[in-house]
Amino acid sequence: MFKKSLALGIVSGLLAGIAGVIYAHLYYTINEADFSRVASTINILAASLFGGVLAAIGYTLADKWLKTRGEIVFNLVFTLISFISLLGPIAVRLPRNIDTPELFPGMVIPMHFFPALAWFTLKPLFVRSK
Amino acid sequence: MNKLLYPIAAVLILAASAFTFMTARGWQITDGYSITFTNDEASGIFKDFKGTLVFDEQNPGAGKFDVVIDVTSINTGNGLQNKHAKSDEWFDAAKYPQIRFVSRSMARAGNGYQVTGDLDMHGVKKATTIPFIFKRTAQGGVFTGSFTVNRSDFGIGKPGGEVPEPVKLDISVPVTKL
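Residues numbered from 1 in each chain as written. Chains lettered and ligands numbered in written order. Predicted model: local features only at pLDDT ≥ 70, side-chain atom pairs only at ≥ 80, totals over all residues.

Along the backbone of chain A there are six helices and zero strands. A principal-axis box enclosing the C-alpha atoms of chain A has dimensions of 50 × 25 × 20 Å. By residue count, 28% of the 130 residues in chain A fall in the buried class. Residue pairs in contact within chain A that sit at least 24 positions apart in sequence constitute 79% of those at least 6 positions apart. (Helix = DSSP H or I, 4+ residues; strand = E, 2+ residues; numbered from the N terminus. Buried ≥ 20, exposed ≤ 12 C-beta atoms within 10 Å, placed from the backbone. Contact = placed C-beta atoms within 7 Å.)

As structure tokens, then:
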């Protein structure tokens, strides 16, 4: 079980990271706001992968402890954590020589939902619902 | 009378031209300046700063500073805090878009200098003394100074509250010769 969910976590994390990097580049181009010093390509990929692997561990534990209700609880918790994590970019203080910090949350907030989105989208390919 | 006209004119011209050499030197503010404010709860920078600086180490008394900070250029590193700082609760940037300092006197003080003048901030003008040092560089020089103001003296923010009253300002201004 863990093997499948880990594979799902890694793949969805990587896809979320790639989507995040593309989105960041689009955001830089559209808004002329460059946050690559604090949200570099490596940072975006690593954070997304971290989210995917964490989801894999959480899913396995929820499935093991809560049996049939595990998936429902996991989905709720994953979504809830994605929402709560938005406090991070809203409260963060960027280096002061970075212009327009007010545009930073607008770039990062959508990315916080990419791992969950990728996970829910790809899950049927890796793990069958009970 | 006509005999005296030309000698007097000559003396006046000589005196005026000599005075030109004694006049304090003007400096051009260059990029790389930094205006930071800090206390335990709030800190940030002002990105836009301009003005005229006239200063001569040998004759500081003839110096003159007239500088303006654009309040809307405040950057705390957080968008929400920037908006809050510009609001009428704090700097009220819409009503008071500039912070201005105009010197009245300048003198040597210890190893450096001090300038006294009017600091006009948030619609309140208050006499303020800023100690500073001036270091020569290959390109010109750098003015650096630090001083503390009480925000409530200028009606910035509510008195008391979470943000402490004293706010330290650190200024570093590289200049080149005009």
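A tally of helices and strands in chain B yields two helices and 11 strands. Starting at the N terminus and ending at the C terminus, chain B contains elements arranged as α-β-β-β-β-β-β-α-β-β-β-β-β. In chain B, which comprises 178 residues, the share counted as buried stands at 22%. Expressed as a percentage of contacts within chain B between residues at least 6 apart in sequence, the contacts between residues at least 24 apart total 54%.

Mean pLDDT over chain B works out to 89, with 89% of the residues at or above the 70 mark. The ipTM for the predicted assembly is 0.72, set against a pTM of 0.78. (pLDDT = per-residue confidence, 0-100.)

The next point concerns the interface of chain A and chain B. The interface is formed by 10 residues belonging to chain A together with 10 residues belonging to chain B. Here the side of chain A that touches chain B is built from residues that sort into seven nonpolar, no polar and three charged. (Nonpolar A, V, L, I, M, F, W, Y, C, P; charged D, E, K, R; others polar.)

Next up on the list: helix H5 (residues 104-111) of chain A. A:Phe104, A:Val108 and A:Met111 are the residues of H5(A) that are buried. Seen along its axis, H5(A) keeps its buried residues to an arc of 50°; they face one direction. (Arc of directions from axis to C-beta.)

Right, let's talk about unusual backbone geometry for a bit. Phi angles above zero are rare outside glycine, and A:Lys67 is one such case at about 50°. Within the secondary structure, A:Lys67 is located in the loop between helix H2 (41-66) and helix H3 (70-84). Although it is not a glycine, B:His122 adopts a positive phi angle of roughly 55°. Within the secondary structure, B:His122 is located in the loop between strand S8 (112-121) and strand S9 (124-136). On the neighbour-count criterion, B:His122 (18 C-beta atoms within 10 Å) is partly exposed.

Attention now moves to the packing of H2(A) against helix H6 (residues 114-126) of chain A. Residue and element names in this part refer to chain A. With their axes 9 Å apart at the nearest point, H2 and H6 run at an angle of 50° to one another. Comparing their axes, H6 and H2 come out oblique. For the crossing formed where H2 meets H6, the hand is right-handed. Taken together, the residues of H6 that come into contact with H2 (itself represented by Ser48, Gly51, Gly52 and Ala55) are Phe114, Pro115 and Trp119. (Axes fitted to C-alpha atoms, helices over the stretch in contact; angles between N-to-C directions. Parallel < 35°, antiparallel > 145°, perpendicular 65-115°, else oblique. Left-handed = near helix turned anticlockwise from the far one by under 90°.)

Our focus in this paragraph is the pairing of S8(B). Here is the key point about a regular strand: its side chains alternate between the two faces of the sheet. Residues and elements named next belong to chain B. Taken together, the nine bridges between strand S7 (residues 98-109) and S8 define a ladder with antiparallel strand orientation. Paired with Ala109 across the two strands is Gly112, which belongs to S8. Bridge analysis of S8 against S9 gives nine bridges, and the strand direction is antiparallel. Directly across from Asp120, in S9, lies its bridge partner Lys125. Here S8 hands over to S9 after two residues, with His122 in that stretch at a positive phi of 55°. (Pairing = 2+ DSSP bridges.)

A few words on the environment of B:Pro174. Considering the arrangement of structural elements, one finds B:Pro174 in strand S11 (residues 166-177). With near-sequence residues (within four places) excluded, B:Pro174 lies in contact with B:Thr30, B:Gly32, B:Tyr33 and B:Val142.

Glancing now at the environment of A:Pro124. Residues and elements named next belong to chain A. With respect to the helices and strands, the residue Pro124 is situated in helix H6. Among the residues examined, Pro124 registers 10 C-beta atoms within 10 Å and is labelled exposed. Separated by 116 residues in the primary sequence, Pro124 and Leu8 have C-alpha atoms spaced 9.7 Å apart.

Before going further, it helps to spend a moment on the pairing of strand S5 (residues 64-70) of chain B. All names here are of chain B. Where strand S4 (residues 49-54) meets S5, six bridges bridge the pair, whose relative direction is antiparallel. Directly across from Leu53, in S5, lies its bridge partner Phe65. Across five bridges, the pairing between S5 and S7 is antiparallel. In the strand pairing of S7, Asp70 is matched with Gln98.

Attention now moves to the environment of B:Ser152. Relative to the elements of secondary structure, B:Ser152 occurs in the loop between strand S10 (140-150) and S11. Setting aside residues up to four positions removed in sequence, B:Ser152 forms contacts with B:Pro159 and B:Glu165.

The next point concerns the packing of helix H1 (residues 2-31) of chain A against H6(A). Residues and elements named next belong to chain A. As a packed pair, H1 and H6 sit with axes 8 Å apart at the nearest point and diverge in direction by 135°. Between H1 and H6, the angle is such that the two are oblique. In this structure, H1 meets H6 at a crossing whose hand is right-handed. Every residue of H6 that contacts H1 at Lys4, Ala7, Leu8, Val11, Ser12, Gly13, Leu15, Ala16, Ala19 and Gly20 is listed here: Phe114, Pro115, Ala118, Trp119, Leu122, Lys123 and Phe126. Considering only residue class, the contact of H1 with H6 consists of 12 nonpolar, three polar and two charged.

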